[in-house]
Every structure is written in C-alpha cells, then in structure tokens.
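Here is how the chains run, residue by residue.
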Amino acid sequence: QVRLVESGGGLVQAGGSLDVSCAASGSVVRVDTMAWYRQAPGQQRELVAQITRGDDKTYQDSVKGRFAISRDDALHIVYLHMNSLKPEDTAVYYCSADVMEVARDSYRTYWGQGTQVTVSS
C-alpha cells in the first residue's frame, strides 16, 4: 500500500509565501509524474503544477512566475513553493503521484488527503 502525506499550508497574508510538501511512502518502487491540484469551495479541482520524472514542469497560467514545483526522487517528495500569494489562491491543495509499487507492473495514481491554504487580503 502507498500513502501520500502532505504537510505545510496554513494562513498567510496576501503577498506572502508558503511552502507545501508531499511525501510518498509504503511499497514504492518508483514515482513518475507528481502534481499539485487545488479545490476552492464550490469549484472543481484544478491542476496547479506538475513535474515529470524527467523534471519537465507545467504550471497553470494563473500561477506562472509565482509558484515553483520541485521534487526529491530519493525521498519520493514533491514540493510547491508559493510566492506572491493572492486571496484567489485560497483552496485545499492536494498532491498526486503516479506510483509503481512492489509486485505490480503498472503505475497507479495516488492522492494525498489535502492541506488548506488560506490567503487573507
């Protein structure tokens, strides 16, 4: 079994910075694409940023230049550094990871439990 556990998040004033991280643990052999999504109240979950194992990064237009995604393959951790935060960045942030587990021959997508990020104006 594989678990994704997020940490970080919290309350920050507009213009501030915040970091969130997400670690995959359990029967992990290899992790491919890792990503951060967010879901605001009454809204659909949306992709914020993703990073492939080859370090190719994709960002939602609204966070380009403000957010930075990175990963540590040895520890199976994905990070999201958020700068110049705006009230509209307020949401629950979820990580996802495509994981190859022990005794399996295909990747499976796992999700974290979510961490709240609140940006006050």
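Criteria and thresholds
- In every chain, residue numbers begin from 1 and rise along the written sequence.
- Per-residue local features of the predicted model are confined to residues with pLDDT of at least 70, and side-chain atom pairs are confined, for both listing and counting, to 80 or more; whole-chain, interface and lining totals are unaffected and use all residues.
- Side-chain numbers here rest on the full set of heavy atoms in the structure, without hydrogens or water.
- Cysteine sulfur pairs qualify as disulfides if the two atoms are within 2.5 Å.
- Elements are defined by DSSP. Helices are runs of H or I of four residues or more, strands are runs of E of two residues or more, and each kind is numbered from the N terminus.
- For each residue, the accessible area found with a 1.4 Å probe, counting protein chains only, is set against the maximum for its type, and the residue is called buried under 20%, exposed over 50%, and partly exposed in between.
- Two strands pair under a simple rule: DSSP has to find at least two bridges between them.
- Working definition: rings of Phe, Tyr and Trp (its six-membered ring) pair if their centres are within 6.5 Å, and the pair is stacked with planes under 30 degrees apart, edge-to-face with planes over 60 apart, and tilted otherwise.
- A positively charged side chain is recorded as over a ring if its NZ (Lys) or CZ (Arg) lies within 6 Å of the ring centre. The angle to the ring normal must also be within 35 degrees.
- What is meant by a nonpolar core is a set of buried Ala, Val, Leu, Ile, Met, Phe, Trp, Tyr and Cys residues, joined one to another through side-chain atoms within 4.5 Å.
- In protein, a polar contact means a hydrogen-donor-capable atom and an acceptor-capable atom, both N or O and within 3.5 Å, with residues adjacent in sequence counting only if both atoms are side-chain atoms; elsewhere, any N or O pair within 3.5 Å suffices.
- The contact definition used throughout considers only heavy atoms, calling two residues in contact when any of these lie within 4.5 Å.

Asker: Help me get a handle on the state of the cysteines, residues and values and all.
Answerer: This model, assessed by the stated rule, comprises one disulfide. Between the sulfur atoms of Cys22 and its disulfide mate Cys95 the distance is 2.0 Å. Taking the sign of the S-S torsion, about 45 degrees here, the bridge from Cys22 to Cys95 comes out right-handed. Note that Cys22 is positioned in strand E3 (residues 18-26) and Cys95 in strand E9 (residues 91-101), a separation of 73 residues in sequence. Considered together, Cys22 and Cys95 belong to a single accessibility category, that of buried residues.

Asker: Explain the pairing of strand E8 (residues 77-82) to me, and be specific about the residues and the numbers.
Answerer: Here E3 runs beside E8; their pairing, made up of six bridges, is antiparallel. Within E8, the residue paired with Leu18 across the bridge is Met82. Of the strand pairs in this sheet, strand E7 (residues 67-72) and E8 are connected by six bridges, and their pairing is antiparallel. Within E8, the residue paired with Phe67 across the bridge is Met82.

Asker: How would you explain the packing of aromatic side chains if you had to name every residue and give the values?
Answerer: Tallied over the entire structure, the rule returns one aromatic pair. Here Arg45 stacks its cationic end above the ring of Tyr94, 3.7 Å away from the centre of that ring. Stacked on the ring of Trp111, the Lys or Arg Arg45 has its end atom at 4.9 Å from the ring centre.

Asker: Outline the nonpolar core, listing residues and values.
Answerer: Grouped together as the largest cluster of nonpolar side chains are 29 residues, with contacts concentrated most on Trp36, Val48, Phe67, Val78, Leu80, Met82 and Tyr93. Residue assignment for this core shows that the elements contributing at least two residues are strand E1 (2-8), E3, strand E4 (28-39), strand E5 (46-51), E7, E8, E9 and strand E11 (115-120).

Asker: So what about the side chain of Asp89? Which residues, and what values?
Answerer: If you trace the backbone, Asp89 turns up in the loop between E8 and E9. We classify Asp89 as buried; its relative accessible area is 1%. Engagement of the side chain of Asp89 in a polar contact is seen with the side chain of Arg66, the distance being 2.8 Å. Those residues within four positions of Asp89 in sequence are excluded, and the remaining contacts are Arg38, Arg66, Phe67, Ser84, Val117 and Val119.

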